[in-house]
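Listed below, chain by chain, are the residues.
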Amino acid sequence: MNKNIIKKYASDELTIIWQPAKCIHAGVCVKALPDVYDPKAKPWITMEKASTKELKAQIDQCPSAALSYEETGSQEVEQSELTEVEVLEDGPLLIHGHLAITNKSLKSESKNSKTAFCRCGHSMNKPFCDGNHAKKGFKG
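Residues numbered from 1 in each chain as written. Predicted model: local features only at pLDDT ≥ 70, side-chain atom pairs only at ≥ 80, totals over all residues. Heavy atoms only, no water.

(A) Focus on the overall build of the chain. In terms of helices and strands, the chain carries three helices and eight strands. Along the chain, helices (α) and strands (β) appear in the sequence β-β-α-α-β-β-β-β-β-β-α when read from the amino end. Expressed along its principal axes, the backbone C-alpha trace of the chain runs to roughly 40 × 35 × 25 Å. Counting all 140 residues of the chain, 37% fall into the buried class. Considering only intrachain contacts with a sequence separation of at least 6, the fraction spanning at least 24 residues in the chain is 44%. For the chain, the computed accessible surface area is about 9,200 Å², with 50% contributed by carbon and sulfur atoms. With 19 positive and 18 negative side-chain charges, the chain shows a separation of 12 Å between the mean positions of the two kinds. (Helix = DSSP H or I, 4+ residues; strand = E, 2+ residues; numbered from the N terminus. Buried < 20%, exposed > 50% of the residue type's maximum accessible area, 1.4 Å probe, protein only. Contact = heavy atoms within 4.5 Å. Areas by Shrake-Rupley, 256 points an atom, 1.4 Å probe, with all protein chains shown as cover. Lys, Arg positive; Asp, Glu negative; His and termini not counted. Charge placed at Lys NZ, Arg CZ, Asp CG, Glu CD.)

Have a look at this one:
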């Protein structure tokens, strides 16, 4: 899968940003809003089936931050002063907050919101989690 694919779904109030390479297929989106997210449909996101408030609340629960959003007219992303680290059982390290990440090629990228880092060593998208921990039976 191309790691640079970014899909955007827009309404008058919100733009949902989906980065498939970051998705760990936890299914949080489908479970929370099954009328909005249908992996078998094209397009798989139907924003008008939920309120902006419901969409934002669900996207904030995405464990990999494969789903994020921008509010229409919002130019600056709010930054939390506190960065939190959450260890997901049998899964990735989930970092909540603003991060500046420099990869082995010295390319830097900025992350806001949530970022899932691989703990199992099996990710094909290191340092980020790609869901391979589930396939490999990682416990930790």
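(B) Structural view of the nonpolar core. Counting 18 residues, the largest nonpolar core has Ile 16, Tyr 37, Trp 44, Ile 45, Leu 55 and Leu 67 as its most contacted members. At the level of secondary structure, the elements contributing two or more residues to this core comprise strand E2 (14–18) and helix H2 (52–59). Sort the elements by how many residues they give to this core and E2 lands first, with three residues. Contacts of Leu 55, omitting those with residues within four sequence positions, involve Leu 14, Ile 16, Leu 33, Val 36, Tyr 37, Met 47 and Ala 50. By size, the runner-up hydrophobic cluster in this structure holds five residues, among which are Ile 95, Ile 101, Phe 117 and Phe 128. (Core = buried A, V, L, I, M, F, W, Y, C linked by side-chain atoms within 4.5 Å.)

(C) Structural context of the sheet that holds strand E3 (residues 67–71). A sheet is described by the order of its strands in space; here three strands give the open sequence E1-E2-E3, paired in antiparallel fashion. Each edge of the sheet is formed by a strand with only one pairing partner; in this case those strands are strand E1 (7–10) and E3. Between one strand and the next, the sheet's axes are offset by a mean angle of 25°, whatever the strand orientation. Judged from the five bridges that link them, E2 and E3 form a sheet pairing that is antiparallel. Bridging across to E3, Ile 16 finds its partner in Tyr 69. Against the sheet, H2 makes contact with E2 and E3, and its axis sits at roughly 140° relative to E3, the strand it touches most. (Pairing = 2+ DSSP bridges. Axes fitted to C-alpha atoms, helices over the stretch in contact; angles between N-to-C directions.)

(D) Structural detail: the sheet that holds strand E5 (residues 93–96). Ordered by their spatial adjacency, three strands build an open sheet running E4-E5-E8, and the pairing between neighbours is antiparallel. Each edge of the open sheet carries a strand with a single partner, namely strand E4 (84–87) and strand E8 (114–117). Averaged over all neighbouring strand pairs, the angle between strand axes comes to 20°, with direction disregarded.

(E) A look at unusual backbone geometry. With omega at -5°, the peptide bond leading from Lys 42 into Pro 43 counts as cis. Relative to the elements of secondary structure, Pro 43 occurs in the loop between helix H1 (28–32) and H2. The residue after Lys 126, namely Pro 127, is reached through a cis peptide bond having omega 10°. With respect to the helices, strands and loops of the structure, Pro 127 is situated in the loop between E8 and helix H3 (132–136). One non-glycine residue, His 25, lies in the positive phi region at around 55°. You will see that Ala 65, though not glycine, has its phi angle at about 60°, which is positive. Residue placement: Ala 65 occurs in the loop between H2 and E3. The buried category is assigned to Ala 65, whose relative accessible area is 5%.

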